[in-house]
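Fold and geometry: a report
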Amino acid sequence: MSKTPPAQDRAESIPTAVSDREEEQAGAVIPPSDTASPRIFVGEYHNLEAHREGRVRLEVQGNAVYAALQTVRSPVQYFARQQPDVLFTIPEGFRPAVPITWEVNGQYVGADGQLDPGRRDLQVFRLRADTEGRVRYVDDRGVDDVGYLRYHTALAWPLSGMDSQVCDRSREIQGLILSALDNLGEENLSCEQIDWGHLDQLFDLSFSSPIAIRAQDLLGLTNLTALNMHAGDQVVLPGSLLAFTPRLQQLSLETRGPITLPKDLLRYTPQLQSLSLGLNAHTVNDELVLPEELLSPVPHLVSLHWRDRFRYSSGLLEGVLYYAPQLTDLTINSRHFLLSDNLLSFLPRLVQLRVEGGLDFCRTPDFLAPATPLTHLTLRLEGIYQMRCLSQSLHQHDPNLTQLRIDLAGLQGLTDEFLPHLPHLTHLTLDVAGVTTLSSGWLSQFPNLVSLQLHDSNHSWHRVASPLALLETFLVHTPKLTNLSLRLGRLTRIAPNLLEPVPNLQQLELTVGSEGALPDDLLAQVSELETFSVSVETFDAIPTGFLDDLAQLKELSIHFRHYDKYDSSDSLPEDFQIDAPRLETFSLSSDQLASLPDNFLLDTEKLTHLSLNVPNLQEWPSFFLMHTPALEFLEMKYGYGKNGKEIHGLHSVPPHFLADAPNLIHLNLGAADRVQELPAGFLANSSKLEYLDLAVNVTELPENFLAQHPQLKTVKLFVPRITKVPHDFLAHVLHLQSMELDLRKVDSLPTDFLEHTPRLGYLRLDVDQVDVLPSGFLSYTPQLGHLYVRAANVVSLPENFLARSPRIETLGLGMPRLASPPGPGEALWDMLQAASFRVKVTAPEVHVEADGFFCSGDDMVVERGDILEVVWREQDNTGNTLLSVFHWWNRDLFFSFYERHWCLFSVDIRYTEPTLDL
């Protein structure tokens, strides 16, 4: 590892240019090198009337001005308060398009410019440049009693008089900016209408999929404080990428392949506080190219999450962490090198530490020694010997831990003292897969415990004859416990008085392995219980009256596993009833449950959320929702039988089904596709509905089906047997944002079908029997970003089909019978090239490269004519577009079984072309 200055001199190592030669070398932000000859301005600004020691360098490249300001001494407070003054005026041709305010880190110096030995901390203050070019210090608390400061600051801003050119940025960037502006109330904008003032309003951006990031993609986002980006397979990120975000405080960077991070990537984000790096390699043997000084420009960093799959030495990580002495929160997720004993010596303020792999307490027993403030520790350990060594390390260094989590299966053979006395510990999470007996002895080590979570990582526990019992003395040493989670599938017996020592328990989670494990009066001992989750194998495992008298309960979840009864169905006992007058959320899950008792929700008048994963349910109980007038969320889920076949049991909906749920906002009956008739006025009493997911086998919809639901934002309607769509079907859903319609038997659509959906951003439509799409079909949906249309009989498209859809990001068109399909040079072809959901292989031989880790050779066999489904697009370092794809499974546009596609692979777009085939 290279030599670095002593820790006490770190503040002096902040880069400052103090001579003409250094100023010329350091310069401003490094602009892109592939542009025309730049315009450059180099000048001075005054610190005192007799001293002009401030230096400024401005450089114009394209739409941006790259700037650097530096001084060895400046009376910041004096020019901000006692004598407010303009430091200098930016010349015309370099001025910003919008006012720019940014934070600066200053070092205390005396009047002679020498560093003040008594004030080594950094002072944060602000500078502002207005559109007239005047640069001033901002008069606020940041200039209180600061005297003279030395500083160097670099940033970039949009050039006055230039267009924002959002339309020239990638489709992903365009869509992200438009979506963010929509959320701020700037609706119905096109990319041409976005100016610098619009970009100035954005504070938070998040890329949901990998994209190629170009040098000026973030230009104009000067006020951005949070950025979450996926860099795809780029080899090198632009060094000046973050020059436009000088106020950034949170940055998350994910990569899918080997990447080189520029050493000055963070130079332009001096106020960064939280950094998350997910750096992935194609193979574990890939070398990581990472600058040791990466964190040196971000002295305020307090949170670092480091996740990678690269091979390198621990010395590299030590060198990086050296520059982060303010860290309080650190996550390290790397299993390809061994962490050293002195890694934490650079982090004197560390409070939270999570380590997954690379830690061997038997070889580095003093690893925790420097971490005296540490209170939260999460570890993933390999091997039982590690637990013993950890215990010795904790005993020796005696940290003030309050929260401890250890993921380590196989604790058999350990004594009650496998962890030392930790008097400050309040939260403990532990894997106890190998334990056969849990006694109270080891809990006596933690007298202040308020949360205990024990889980069993052995996924075959229901077939293993290694029972686990909990004695009544198990919790006797933890009277302060309020949260108890026992996800122990081998748990076969619970002592009747187990919970007596913890009367203040508020949250309880139980997974038991056999009938009779739950004592009748177990919950009567915890009258303050607010949240309860239980997982059992059969209905008989819950004793009669077990759920009575839950006076304070607000959340309840019951899961019946039925491991040995895949092909049977059963019913809950008629006297099964939830007696919880304060209950707000209830979830019930069972693949075998065929019916529910009539009054099982009798005393739940405050219930707002009801989720039923009971796919074998044949019908609703009588007066099902009569006792839940506050209900806002109702969901019925699909299920799968032993052979993986979907289960759909419900075959009818009672009249006035929703009459007693006037507050319903979310309704999901997607598992009701055997229902052949909907009652008249099915949704009549649900005027507050915002989300509707309905799959039914009806031949027609009730009159005015959506007419009384103006608040609807999402509609998923699968009605493949109806033959006609009412003319005013969507006339009253003006707030609709997302819609999926399966209308495969409908032979025509109303002329003005989408006229009343101006906010629609997502549309899936199956109209296989329709011959002609209405003229101006998409003229009223300017917000549309994701479009999927299956129309096998359509032979021609309406004129200017997508002319009013500038925001399209994903385009899935299934129209194999078009008489004149689009070709190269046409606008629709270009849109398909950029956004098509599916492509066809056109080359006889295609080079492919695995993106996932579950690929076999057969998974990646690609031949001419194969149809591939596109997950995302990105550019490699040569500018070619790569498609991350998997094989199309000859299905329609509505159902994607992504769990079947573990293997993603990449192909060059030049081997493919867009396809409208099905």
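The notes below deal with the structure included here.

Reading the values: rules and limits
Residues numbered from 1 in each chain as written. Predicted model: local features only at pLDDT ≥ 70, side-chain atom pairs only at ≥ 80, totals over all residues. Heavy atoms only, no water. Helix = DSSP H or I, 4+ residues; strand = E, 2+ residues; numbered from the N terminus. Buried < 20%, exposed > 50% of the residue type's maximum accessible area, 1.4 Å probe, protein only. Contact = heavy atoms within 4.5 Å. Areas by Shrake-Rupley, 256 points an atom, 1.4 Å probe, with all protein chains shown as cover. Pairing = 2+ DSSP bridges. Arc of directions from axis to C-beta. Salt bridge = Lys/Arg side-chain N within 4 Å of Asp/Glu carboxyl O. Phe/Tyr/Trp six-rings, centres within 6.5 Å; stacked < 30°, edge-to-face > 60°. Polar contact = N/O pair within 3.5 Å; in protein donor to acceptor, adjacent residues only side chain to side chain.

A look at the overall build of the protein chain
A count of helices and strands for the protein chain gives 7 helices and 46 strands. Taking all 918 residues of the protein chain together, the buried fraction comes to 53%. In the protein chain, the share of contacts with a sequence separation of at least 24, taken over all contacts with a separation of at least 6, comes to 64%. Of the roughly 38,300 Å² of accessible surface on the protein chain, a fraction of 46% belongs to carbon and sulfur atoms.

Section: the sheet that holds strand S3 (residues 64-75)
Whenever strands of a sheet pair, they do so through backbone hydrogen bonds, lying parallel or antiparallel. What the 8 strands build is an open sheet, ordered S1-S2-S3-S8-S5-S6-S7-S4; its pairing is antiparallel. Edge positions in the sheet fall to strand S1 (39-45) and strand S4 (88-89), since each of these pairs with one other strand and no more. Of the strand pairs in this sheet, strand S6 (residues 122-129) and strand S7 (residues 134-137) are connected by 3 bridges, and their pairing is antiparallel. Considered in S7, the bridge of Ala 129 is made with Val 135.

What about helix H7 (residues 827-835)?
Turning to H7, its buried residues are Leu 828, Trp 829, Met 831, Leu 832 and Ala 835. All buried residues of H7 lie within an arc of 160° about the axis, which places them on one face of the element. Each element contacted by the buried residues of H7 is listed here: helix H3 (171-183), strand S40 (810-814), strand S43 (867-875) and strand S46 (912-914).

A few points about the pattern of salt bridges
When the charged atoms of two side chains lie near each other, side chains of opposite charge can form a pair. Evaluated as defined, the whole model comprises 19 salt bridges. Between Asp 407 and Arg 405 there is a salt bridge, with the nearest N and O atoms lying 3.3 Å from each other. Members of the salt-bridge network, linked through shared partners, are Arg 81, Asp 139 and Asp 144.

Digging into the packing of aromatic side chains
Counted according to the given criterion, the structure contains 19 aromatic pairs. Here the aromatic rings of Trp 442 and Phe 446 are separated by 6.4 Å at their centres, their planes lie at 75°, and the arrangement is edge-to-face. With 6.3 Å between their ring centres and 90° between their planes, Phe 837 and Trp 888 make a pair best called edge-to-face. Placement of Phe 837 in the loop between H7 and strand S41 (838-841) and of Trp 888 in the loop between strand S44 (881-887) and strand S45 (905-908) is noted, with a sequence separation of 51 residues between them.

Focus: the environment of Arg 807
Among the structural elements, Arg 807 can be located in the loop between strand S39 (786-790) and S40. When its relative accessible area of 6% is taken as the criterion, Arg 807 is described as buried. It is 6.1 Å that separates the C-alpha atoms of Arg 807 and Gly 175, two residues lying 632 residues apart in sequence. Beyond its immediate sequence surroundings of up to four residues, Arg 807 is in contact with Leu 178, Asp 182, Asn 188, Leu 189, Pro 782, Gln 783, Leu 784 and Gly 785. Looking at Arg 807, its side chain comes within polar contact range of the main-chain oxygen of Leu 189, at 2.4 Å.

Some points on the pairing of strand S10 (residues 226-230)
Across 3 bridges, the pairing between strand S9 (residues 204-206) and S10 is parallel. Directly across from Leu 205, in S10, lies its bridge partner Leu 227. By the bridge criterion, 5 bridges tie S10 to strand S11 (residues 250-254) in an arrangement that is parallel. Its bridge partner being in S11, Ala 226 is matched across the sheet by Gln 250.

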